[in-house]
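What follows is each chain in one-letter form.
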Amino acid sequence: MSAAQRREQLVAVGRAVFAERGYEATSIEELAVRAEVSKPVVYEHFGGKEGLYAAVVDREMQQLLGRFTAALSGDGGPRALLERAALVLLDYVEDDTDGFRVLSRDVPDSGTHSSLLGELARRVEHILAGQFTGRGYDPALAGLYSSALVGMVALVGQWWLEHRSPAKEEVAARLVDLAFSGLSRLDPSPTLRTTGSGRA
């Protein structure tokens, strides 16, 4: 096996093991056994478990971000963009389950998962800012709403990964209905309707 082929094999094995066991529960010994190599081979290519994990996460992030970029760069109004974004994530959950598990499990303190969600939110923010400007809302708040939307879709993706019901298209439709109904009725200056004690 060439060095490049071995590296690809280790990334594939790492993806499967990290998805199955999580980062903390995975040992360098287990990675080496599953890849049928010695521990020094893993160290040689990645410097250790952390390096292999970073390579796996980076590849998954790039694939998912590429799908979101393609979905959000097409024509269509806000609802069509939301529909495409929701389906991109649910397609990823369905087709690349191990990758989604890696990105949504017990991520170490590197902030990688936060970086992924943050990058997705920034891409959505750009779209929302244009929509906000056209509707008379403060575009500076687009970041808040894009983070809320991305967080909602990511958590629903985790839930759907375990349940797989209702069907993917129905989950996407319900997500979009919730998000779009809320966005289409935004109050430019909302206020809380309760006092500090929690009473109306």
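For the structure itself, look to the data block above.
If you're wondering where the values come from, they're calculated on a predicted model, not measured in any experiment. (Residues numbered from 1 in each chain as written. Predicted model: local features only at pLDDT ≥ 70, side-chain atom pairs only at ≥ 80, totals over all residues. Heavy atoms only, no water.)

Engineer: What's the story with the pattern of salt bridges in this structure? I'm lost.
Structural biologist: Note that side chains of opposite charge can pair when their charged atoms are close. One pass over the full model with this rule turns up twelve salt bridges. Among the salt bridges present, the one from Asp-96 reaches Arg-15, with a minimum N-O distance of 3.4 Å. Taken together, the residues span a long stretch of sequence, with Asp-96 in the loop between helix H5 (78-95) and helix H6 (97-104) and Arg-15 in helix H1 (residues 3-21) at a distance of 81 residues. Judged by relative accessible area, Asp-96 falls into the buried class, the value being 15%. When salt bridges that share partners are traced, they join Arg-15, Glu-60, Arg-67 and Asp-96 into one network. (Salt bridge = Lys/Arg side-chain N within 4 Å of Asp/Glu carboxyl O. Helix = DSSP H or I, 4+ residues; strand = E, 2+ residues; numbered from the N terminus. Buried < 20%, exposed > 50% of the residue type's maximum accessible area, 1.4 Å probe, protein only.)

Engineer: What is the right way to read the packing of H6 against helix H8 (residues 142-163) from this model?
Structural biologist: Axes are the key here: two packed helices are described by the angle between their axes and the distance separating the axes. The contact between H6 and H8 brings their axes to 11 Å, and the two run at 125 degrees. By the angle between their directions, the pair H6 and H8 is classed as oblique. Crossing handedness for the pair H6 and H8: left-handed. On the side of H6, the interface is formed by Thr-97, Phe-100, Arg-101 and Ser-104, while H8 contributes Ala-154, Gly-157, Gln-158, Leu-161 and Glu-162. For the contact of H6 with H8, the residue count by class is three nonpolar, four polar and two charged. (Axes fitted to C-alpha atoms, helices over the stretch in contact; angles between N-to-C directions. Parallel < 35°, antiparallel > 145°, perpendicular 65-115°, else oblique. Left-handed = near helix turned anticlockwise from the far one by under 90°. Contact = heavy atoms within 4.5 Å. Nonpolar A, V, L, I, M, F, W, Y, C, P; charged D, E, K, R; others polar.)

Engineer: Would you take a moment to explain the environment of Ser-27 for this structure?
Structural biologist: Locating Ser-27 in the fold gives a position in the loop between H1 and helix H2 (28-35). Look at Ser-27 and you get partly exposed, because its relative accessible area is 26%. A C-alpha to C-alpha distance of 9.7 Å links Ser-27 and Gly-48, two positions 21 residues apart in sequence.

Engineer: Sorry, what's going on with the side chain of Thr-97 here?
Structural biologist: Mapped onto the fold, Thr-97 is located in helix H6. By relative accessible area, which is 19% here, Thr-97 ends up buried. Discounting chain neighbours no more than four positions away, the residues touching Thr-97 are Tyr-92, Leu-161 and Arg-164.

Engineer: I keep staring at the environment of Leu-103 and nothing clicks. Help me out?
Structural biologist: By secondary structure assignment, the location of Leu-103 is in helix H6. What makes Leu-103 buried here is its relative accessible area of 5%.

Engineer: So what exactly am I meant to see when it comes to the packing of aromatic side chains here?
Structural biologist: Aromatic ring pairs are defined here through the distance separating the ring centres and the angle between the ring planes. Scanning the entire structure with this criterion turns up four aromatic pairs. Ring geometry for Phe-18 and Tyr-23: centres 6.1 Å apart, planes at 25 degrees, overall stacked. By the burial criterion, Phe-18 is buried, and Tyr-23 matches it. Residues Tyr-23 and Tyr-53 carry aromatic rings whose centres are separated by 4.8 Å and whose planes lie at 65 degrees to one another, so their mutual orientation is edge-to-face. In this pair, Tyr-23 is assigned in the loop between H1 and H2 and Tyr-53 in helix H4 (residues 49-72), connecting sequence segments 30 residues apart. As far as the burial class goes, Tyr-23 and Tyr-53 line up, both buried. Aromatic ring contacts, followed pair by pair, group Phe-18, Tyr-23 and Tyr-53 into a single cluster. Over the face of the ring belonging to Tyr-23 we find Lys-49, whose NZ or CZ atom lies 4.3 Å from the ring centre. The positively charged end of Arg-164 is found above the aromatic ring belonging to Trp-160, 5.2 Å away from the centroid. (Phe/Tyr/Trp six-rings, centres within 6.5 Å; stacked < 30°, edge-to-face > 60°. Lys NZ or Arg CZ within 6 Å of the ring centre and 35° of its normal.)

Engineer: What should I look at first to understand unusual backbone geometry in this one?
Structural biologist: What you tend to see is this: most non-glycine residues have negative phi, and most peptide bonds are trans. A cis geometry characterises the amide bond from Ser-165 onward to Pro-166, with omega recorded as 5 degrees. Of note, Pro-166 is situated in the loop between H8 and helix H9 (168-184). Phi is positive for Glu-36, close to 60 degrees, though the residue is something other than glycine. With a phi angle near 55 degrees, Arg-164 is a residue other than glycine that sits in the positive phi range.

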